[in-house]
Amino acid sequence: MYPNILWLMTDEQRTDSLGCYGSAWAKSPYLDRYAREGVIFQNAVTPAPVCQPARTALLTGQYPNKNGVWYNVGGKNSTPLRLLVPLFEEAGYRTASFGKSHYHNPQRRAFQTEYRKVMGDVVKWSGYNEKYREEDFGAVHYPPKPYPWILGGTFPETLSFNAPHTPVIPPYPFDQLIAKEDIRYPAESEGPSSGSPRWISETLRSFADSAHLTDEQIRDARRYYYGETAYVDYQFGVLLEWMQERRLLDNTIVVFVSDHGTHIGDYGLVQKQTFYN
């Protein structure tokens, strides 16, 4: 009998948000447990540090220079892409995807069943619902122009799972789980690295310069981020323990991956779009 395959995928998750990769401050007991029982890929890197090209690369097995998908908008390949998922269907699998998809294919869905829901109406990437006062939830905003991302804050209701992509809004008690003083970054987090290429020093820095935030805001954004990844770990733990109780893991291969990482002050930047470790 073919094994089931459960593919768990997050967005913008750094390796230092997982204890199994050696982080001294990460809270990830559930994923760490499964890592101990399985295989850890120590040298894997993202094929692209932006969502759609990274996800398309994973689903095609091709780098952006082969599949033509270089960015989230514009410059997309208009020809149908050969995806990996239908190969499973040809072998008799039923395939389904739930949550964020964000891949490019002009011809068909990647999965037989797809339920696409990234964010609800409580918090969007740039603001809380009008019924909530952002200051009551400690929101850390990037400046209004050009992109008012929410880099940190507390989720005001019960469930959010676009994590840890912006808006970074872990619910209580995860928003308070990681102590700011426990998060230790190397020295390059204090400013831009020397000799940066022009597309970083000029283009990227024009809309992702961490200098627009105070040191305290950066520390808060980091605390929220690692609280959010701890929340992700908890939710995956609930799912996997539910499956284990019903013996659904006995014939299941579980794969955990993220599309790429993110900056939280590293090299003087916020957000993604570089290949820095």
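Residues numbered from 1 in each chain as written. Predicted model: local features only at pLDDT ≥ 70, side-chain atom pairs only at ≥ 80, totals over all residues. Heavy atoms only, no water.

Draft legend 1. Local environment of the overall build of the protein chain. Helix and strand content of the protein chain: six helices and ten strands. Burial analysis of the protein chain (277 residues in total) assigns 47% to the buried set. Long-range contacts, defined as pairs at least 24 residues apart, comprise 67% of the intrachain contacts of the protein chain with a sequence gap of at least 6. Surface summary for the protein chain: the accessible area is close to 15300 Å², and the carbon and sulfur share equals 53%. (Helix = DSSP H or I, 4+ residues; strand = E, 2+ residues; numbered from the N terminus. Buried < 20%, exposed > 50% of the residue type's maximum accessible area, 1.4 Å probe, protein only. Contact = heavy atoms within 4.5 Å. Areas by Shrake-Rupley, 256 points an atom, 1.4 Å probe, with all protein chains shown as cover.)

Draft legend 2. Expanded view of the nonpolar core. In this structure, Leu151, Tyr226 and Val270 are the most contacted members of the largest nonpolar core, which totals 22 residues. Among the elements of the structure, α5 (198–208) and α6 (215–245) are those that each provide at least two residues to this core. Looking at this core, the element that brings in the most residues is α6, giving five residues. In this view, Leu151 contacts Val140, Tyr142, Thr166, Val168, Leu213, Ala221, Val270 and Gln271; residues no more than four positions away in its chain are not counted. (Core = buried A, V, L, I, M, F, W, Y, C linked by side-chain atoms within 4.5 Å.)

The values are spatial; any link to function lies outside them.
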